[in-house]
Amino acid sequence: MKGMKFLFCLLTAILATFFFINGKAKADTPNNSVLRYIRDGVKNKGWKPAAEQNWLSKSTMLPKNNYRYGKARPEGIVIHETANPRSTITSEITYMYKNWRTAFVHNFVDGNSLIGVADTDYQC
C-alpha cells in the first residue's frame, strides 16, 4: 500500500507540474485517461490526495532559463528519488535551495504533500 500511495503522489506531482501549478497548460479533464485513472484509484482504494502547496514566492533566486523551444515548452519529465530514509520533504527543499546551482527541481512529493518550488515555465 505504501508503494501505491507513493505512486499516486508521484502521478499527482507530474500532473500538477503541467496542469495545476503554472495554470497555463490545460488538461481536457473530463476525457483525460491519466486523470481518470487517478480519480478511480482515489475512489476505489480510499487513497487521499496529497495536499498541494505552492512555495514559488520562495524561489526568487532560481534562474529563469527557457526550455530549448522556448518559455513554457517542456519536453519531458525527470523523476528522482533521494534514497535517504531519514530525510523529510522540508529538509530536501531546504537542501535544494542551498545548492540550486548544481541542480534544482520544480516539485517535491512525499506520501502526504506535493510542494511546487520552481516555476514550470522555465527549465531546472
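What counts, and at which threshold
- Residues numbered from 1 in each chain as written.
- Predicted model: local features only at pLDDT ≥ 70, side-chain atom pairs only at ≥ 80, totals over all residues.
- Heavy atoms only, no water.
- 1 Å grid on protein atoms, 1.4 Å probe; cavity = no way out; pocket = protein on both sides within 12 Å on 5 of 7 lines; lining within 4 Å.
- Points joined across faces, edges and corners; volume = space filled by probe spheres on them.
- Nonpolar A, V, L, I, M, F, W, Y, C, P; charged D, E, K, R; others polar.
- Helix = DSSP H or I, 4+ residues; strand = E, 2+ residues; numbered from the N terminus.
- Salt bridge = Lys/Arg side-chain N within 4 Å of Asp/Glu carboxyl O.
- Buried < 20%, exposed > 50% of the residue type's maximum accessible area, 1.4 Å probe, protein only.
- Core = buried A, V, L, I, M, F, W, Y, C linked by side-chain atoms within 4.5 Å.
- Contact = heavy atoms within 4.5 Å.
- Polar contact = N/O pair within 3.5 Å; in protein donor to acceptor, adjacent residues only side chain to side chain.
- Pairing = 2+ DSSP bridges.
- Axes fitted to C-alpha atoms, helices over the stretch in contact; angles between N-to-C directions.

A. Focus on empty space enclosed by the protein. Counting across every chain of the model gives two cavities of 30 Å³ or more. Space inside the largest cavity adds up to approximately 60 Å³. S59, L62, P63, K64, F104, A118, D119, Y122 and Q123 together form the lining of the largest cavity. A breakdown of the residues in the lining of the largest cavity according to their chemical character gives five nonpolar, two polar and two charged.

B. Just unusual backbone geometry, in detail. At A72, a residue that is not glycine, the phi angle is positive and equals roughly 65 degrees. Structurally, A72 is set in the loop between strand 1 (51-54) and helix 3 (89-98).

C. Quick peek at the pattern of salt bridges. Using the criterion set out here, one finds one salt bridge in the structure. When the shortest N-O distance is used, the salt bridge between R68 and E75 registers 2.4 Å. Judged by its relative accessible area of 45%, E75 falls in the partly exposed class.

D. Structural view of the nonpolar core. Residues W55, L62, I89, I93, M96, Y97, W100, F104, F108, I115, V117 and A118 constitute the largest nonpolar core, which totals 12 residues. By residue number, the principal contributor to this core is helix 3, which donates four residues. In this structure V117 touches W55, L56, S59, L62, I93, M96, Y97, V105, H106, N107 and F108, once residues within four positions along its chain are discounted.

E. Molecular detail of the side chain of H106. Checked against the element boundaries, H106 lands in the loop between helix 3 and strand 2 (107-109). A relative accessible area of 13% places H106 in the buried class. Side-chain polar atoms of H106 contact the backbone oxygen of Y122, separated by 2.7 Å. Ignoring anything within four residues of it in the chain, the contact list for H106 reads Y67, I115, G116, V117, A118, D119, T120, Y122, Q123 and C124.

F. Structural detail: the sheet that holds strand 1. The three strands are arranged 1-3-2 in an open sheet whose pairing can be described as mixed. A single partner strand is all that each edge strand has here, and the edge strands are strand 1 and strand 2. Pairwise comparison of adjacent strand axes, ignoring direction, gives a mean angle of 15 degrees for this sheet. Here three bridges tie strand 2 to strand 3 (residues 113-116), and the two strands are oriented antiparallel to one another. Bridging from a neighbouring strand, N107 pairs with G116 of strand 3. Each of strand 2 and strand 3 touches helix 3; the most contacted strand, strand 2, lies at about 155 degrees to it.

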